[in-house]
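# Understanding the architecture of this molecule
Listed below, chain by chain, are the residues.
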Protein chains: 2
Amino acid sequence: MTDIETSRTAPGVFAPGGRLRDGVVRELEERWPAGRTGLDEVCRHSLLPVGKLLRPSLLLASTQAVGGDPLRALPAAVAAESGHVGSLIHDDIIDGDTVRRGRPAAHHRYGTGEAIVAGDLLFFSLFESLTQCRDRGVPADRVVTAVAAISRAGMDLCRGQSMEARLAGRQVFEVGPYLEMVRLKTAALFRAACEVGAILGGGSPAELASLVTYADHLGVAFQVHDDLLPYTSDADSAGKASTSDVRNGRPVLPVVLAHRAADACTRRAIEDCLTEREEPHSALVALTAILRASGAIEESLALAGRHAGAAVDALEALSPGEGRDTLADFVTLALTGTPPCSKALPMKPPRLTPR
Amino acid sequence: MTDIETSRTAPGVFAPGGRLRDGVVRELEERWPAGRTGLDEVCRHSLLPVGKLLRPSLLLASTQAVGGDPLRALPAAVAAESGHVGSLIHDDIIDGDTVRRGRPAAHHRYGTGEAIVAGDLLFFSLFESLTQCRDRGVPADRVVTAVAAISRAGMDLCRGQSMEARLAGRQVFEVGPYLEMVRLKTAALFRAACEVGAILGGGSPAELASLVTYADHLGVAFQVHDDLLPYTSDADSAGKASTSDVRNGRPVLPVVLAHRAADACTRRAIEDCLTEREEPHSALVALTAILRASGAIEESLALAGRHAGAAVDALEALSPGEGRDTLADFVTLALTGTPPCSKALPMKPPRLTPR
């Protein structure tokens, strides 16, 4: 950890109204215009209005950070968002979640069959977008390497989703498997976003390695923080039902930590909360009380903080500049769930060496 | 239509034991080895033992037909099969079909959540495989063009699946929308297989155009024939429940044709068969009787035959050789559902000009 705080302003070109963020939104609007029916309507409903655009932003900032032109990588940023949203659509079917980004989940509004196929369409659209980088001047060889990186990440993502269901089904209360699952389910796409951005921008192997390390830690910090939200924030503040994890019996990090430290009676109470299907809200309230009393929430925040710090440390190997600064700012974003400037931080943000 | 019959022997290197078919099977076995658990087991269960391998064979024969080396395109052939099987897994969830290729459908055996994610994994694996053609000496530029072609086909496939559900839901009895749906749902992947094979093999624009025309007609002939099976063959002969289309209310071509020609009373009977949910087997028996009496089955076979003939005609523009002969043989396969040598043909096979 080094000694200058990250910027507390929104990361310029990625803030609402910023050049690159607007570029991603414009490309999404062009690909999925309003007024179409059928599957196009389902995709548009799921993609727009946009969410935080974290993955596209990571991709473009990585291109910048290695000295590449982010405008040439814009279709790849759209691809990263398409892949992410496709996986959310399928995730919501599997988890039985009916709300996403504050609006009805795709399967809840359009039916499960349409939602399965809409997710598939977004996956194919991901790769179609990626090939368009060639039309904008990126060498074909880099595009093929990027396709390979993002398809491997997609496979990891699927394995992570499957593992998540398995950990819940078998009630596995262990830190190791939880972190392995998070690396697959969340960090893989973060890694791919940074990797693809750097590949398209012509980054060196050393720059790629730094960005992959950064993204891996960022992904873990982000998911741990995200998994804490149901137990730390107001109901449904994340644009989805806060009872989802409890209803699906998910042993997320604070639950694992509390279970590990608990006596037999409390362990039983935790397990009961995760198998309660009739009254998920009561189960959430009960589990929250157990977690808060156990210190597991602070312990989880500390772990997320350590990964956030390691993410920022990994950036030290990159050349100073807007790209690197933006990546550092996104660490703050990952730990708050909102752009850095718009909300009080729940914890001390990590720091980057001054330029 | 020209005057020499296609070969009635199995198409050499693509027959069981043939060099290219064995190459595809070996690559699938290496990618999805026995003994793994979790999602890998679900994918292996769905991929192996293999089906007819029609799409991979079309791809490799197209590479041959334009003078390319099919061994370099082998990963792309695996990709075509991965994409096809991924879509079957999702299709079976949507249709509620419990049997596929004579074994339990993935969702029936492993649960819907695992099956959704296994299909996704196969889609990502498709693109990962495709990039491996570069490692076997295919220029990166061709690989990017192939990625673009197959992702567009995947998007068409999704739109076709969605349209199929819509036609069933709204009971649309029209030939035009049925054929449009078939072109999207089935012919798109046939087209992409031939297109990708030709692109990777370095085919000329004229060769690509011929192959796309061939594949488009072949896809329609194949799907029309496939849709006829429940009404013409023994129960469940295709390795899946013959009641699926009736249970899902699908107005396939013979149903559309019979409906169009029927009086009001018979129309009502057809519609009743397609909305019967409790007794799909009785509905199938009743609908089969109506279709057989109407002449719609012969009319559908004739339409499939015309498309088969047009497919063979499109091959005339290619150079004579093993690749072109194989493609002609696959027209026969499409119209019988089994390799050309192993079953009596239900109709006169199309012919190709002698070399």
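Please read these numbers as outputs of a predicted model, since none were measured by experiment.

Each value, and the rule that gives it
Residues numbered from 1 in each chain as written. Chains lettered and ligands numbered in written order. Predicted model: local features only at pLDDT ≥ 70, side-chain atom pairs only at ≥ 80, totals over all residues. Heavy atoms only, no water. Helix = DSSP H or I, 4+ residues; strand = E, 2+ residues; numbered from the N terminus. Buried < 20%, exposed > 50% of the residue type's maximum accessible area, 1.4 Å probe, protein only. Areas by Shrake-Rupley, 256 points an atom, 1.4 Å probe, with all protein chains shown as cover. Core = buried A, V, L, I, M, F, W, Y, C linked by side-chain atoms within 4.5 Å. Contact = heavy atoms within 4.5 Å. Axes fitted to C-alpha atoms, helices over the stretch in contact; angles between N-to-C directions. Parallel < 35°, antiparallel > 145°, perpendicular 65-115°, else oblique. Left-handed = near helix turned anticlockwise from the far one by under 90°. Salt bridge = Lys/Arg side-chain N within 4 Å of Asp/Glu carboxyl O. pLDDT = per-residue confidence, 0-100. Phe/Tyr/Trp six-rings, centres within 6.5 Å; stacked < 30°, edge-to-face > 60°. Buried area = accessible area lost by both parts, 1.4 Å probe. Polar contact = N/O pair within 3.5 Å; in protein donor to acceptor, adjacent residues only side chain to side chain. Least-squares fit on C-alpha atoms with pLDDT ≥ 70 in both. Expected span 1.5 Å × (residues − 1). Nonpolar A, V, L, I, M, F, W, Y, C, P; charged D, E, K, R; others polar.

As a further point, take the overall build of chain A. Assigned secondary structure in chain A consists of 15 helices and two strands. The buried share of chain A, reckoned over its 355 residues, is 62%. A total accessible area of about 12,700 Å² is found for chain A, and carbon and sulfur atoms account for 51% of it.

Of all hydrophobic cores here, the largest spans 233 residues; its most connected members are L58 and Y214 of chain A together with L58 and Y214 of chain B. Looking at this core element by element, the count peaks at 16 residues for helix 8 (residues 175-200) of chain B. Ignoring any residue separated from it by four or fewer positions in sequence, one finds Y214 of chain A in contact with L58, C194, A311, A314, L315, L327, F330 and V331 of chain A.

Residues and elements named next belong to chain A. Relative to the helices and strands, A334 is located in helix 15 (residues 322-336). Its relative accessible area of 1% is what places A334 among the buried residues. The spatial distance from the C-alpha of A334 to the C-alpha of I297 is 17 Å, given a sequence separation of 37 residues. Non-local contacts of A334, meaning those with residues more than four positions away in its chain, are made with L218, F222 and H225.

Let us look at the packing of helix 3 (residues 54-65) of chain B against helix 15 (residues 322-336) of chain B. All names here are of chain B. Running from N to C, helix 3 and helix 15 point in directions that differ by 150 degrees, and their axes come no closer than 7 Å. By the angle between their axes, helix 3 is roughly antiparallel relative to helix 15. Our pair here, helix 3 against helix 15, has a crossing hand that is left-handed. Listed contacts from helix 15 to L54, S57, L58, A61, S62, Q64 and A65 of helix 3 are E322, G323, R324, T326, L327, F330 and L333.

Residue and element names in this part refer to chain B. Enumeration over the complete set of coordinates arrives at 36 salt bridges over all chains. Put simply, R250 and D95 hold a salt bridge, and the shortest N to O gap is 2.8 Å. Pair noted here: R250 is in the loop between helix 10 (244-247) and helix 11 (253-261) and D95 is in helix 4 (residues 74-95), with a separation of 155 residues, a long-range link. Using a relative accessible area of 8% as the deciding quantity, one classes D95 as buried.

Residue and element names in this part refer to chain A. Across chain A, the average pLDDT comes to 90, with 89% of residues at 70 or higher. Note that residues 1-10 has pLDDT below 50 and, in this model, 35 contacts with residues that lie over four places away or in other chains. Note on residues 339-347: pLDDT is under 50 here. Beyond four places in sequence and across chains, it has 22 contacts. Quick note on the complex model: pTM equals 0.92, ipTM equals 0.92.

This part is about the packing of aromatic side chains. Overall, the coordinates contain seven aromatic pairs over all chains when judged by the stated rule. Through a chain of ring-to-ring contacts, three or more aromatic side chains come together here, namely F123, F124 and F127 of chain A together with F123, F124 and F127 of chain B.

Quick look at the interface of chain B and chain A now. Many descriptions give the size of an interface as the accessible area lost when the pieces come together. Between chain B and chain A, the contact holds 38 residues from the first and 38 residues from the second. With both sides pooled, the region where chain B packs onto chain A buries about 3,400 Å², and carbon together with sulfur makes up 74% of that total. The interface formed by chain B and chain A holds four salt bridges in total. D141 of chain B is the partner of R134 of chain A in a salt bridge, and the nearest nitrogen-oxygen pair spans 3.2 Å. Inspection of the chain B/chain A interface yields twelve residue pairs in polar contact (both at pLDDT 80 or more). Among the elements of the structure, helix 2 (38-47), helix 4, helix 6 (112-135) and helix 7 (140-169) of chain B are those that each provide at least two residues to the side of chain B that touches chain A.

What follows concerns the side chain of Q223 of chain B. By the secondary structure assignment, Q223 of chain B is in helix 9 (residues 205-232). Contact partners of Q223 of chain B, with chain neighbours within four places excluded, come to Y178, V182, K185 and T186 of chain B.

Turning next to the relation of the copies chain B and chain A. Rotating chain B by 180 degrees and translating it 0.0 Å along the rotation axis places it on chain A, where the RMSD comes to 0.0 Å. One copy is carried onto the other by what is essentially a two-fold rotation axis. In terms of C-alpha distance to the rotation axis, chain B has A140 of chain B as its closest residue, with the C-alpha 2.8 Å off the axis. When the interface residues of chain B are mapped onto chain A, 100% of them are again interface residues, pointing to one common binding face.

A rise of 1.5 Å per residue sets the reference length of helix 9 of chain B, with its 28 residues, at 40 Å; its end C-alpha atoms lie 40 Å apart and thus fit the reference within 8%. The element helix 9 of chain B is extensively covered by neighbouring structure, given that 21 of its 28 residues are classed as buried.

Attention shifts here to unusual backbone geometry. Residue and element names in this part refer to chain A. Between L48 and P49 the backbone carries a cis peptide bond, its omega angle lying at -5 degrees. Here P49 shows up in the loop between helix 2 (38-47) and helix 3 (54-65). Within the chain, L53 stands out as a residue other than glycine whose phi angle is a positive 55 degrees. Take L53: it is sitting in the loop between helix 2 and helix 3. Its relative accessible area of 2% is what places L53 among the buried residues. Although it is not a glycine, Q171 adopts a positive phi angle of roughly 50 degrees. Mapped onto the secondary structure, Q171 falls in the loop between helix 7 (140-169) and helix 8 (175-200).

Take the packing of helix 4 of chain B against helix 6 of chain B next. All names here are of chain B. Orientation of helix 4 relative to helix 6, taken along the N-to-C sense of each, is 165 degrees, at an axis distance of 8 Å. Classified by the angle their axes make, helix 4 and helix 6 are roughly antiparallel. Relative to helix 6, helix 4 is oriented so that their crossing is left-handed. The residue inventory of the contact of helix 4 with helix 6, partitioned by class, reads 14 nonpolar, ten polar and one charged.

With that out of the way, let us pick up the environment of V13 of chain B. Residue and element names in this part refer to chain B. The topology assignment puts V13 in the segment before helix 1 (19-31). Taking the C-alpha atoms as reference, V13 lies 24 Å from G309; in sequence the two are 296 residues apart. If sequence neighbours within four positions are ignored, V13 has contacts with G18, R19, L20, R21, Q64 and E322.

A separate point is the side chain of S46 of chain A. Residue and element names in this part refer to chain A. The residue S46 is located in helix 2 in this model. Relative accessible area serves as the criterion here: at 11%, S46 is assigned to the buried category. If near-sequence neighbours (up to four positions away) are discounted, S46 is found in contact with V85, I89, R101, R103 and A106.

The next subject is the environment of I150 of chain A. Its location among the elements puts I150 of chain A in helix 7. Taking the C-alpha atoms as reference points, I150 of chain A and V220 of chain A, separated by 70 residues in sequence, lie 18 Å from one another.

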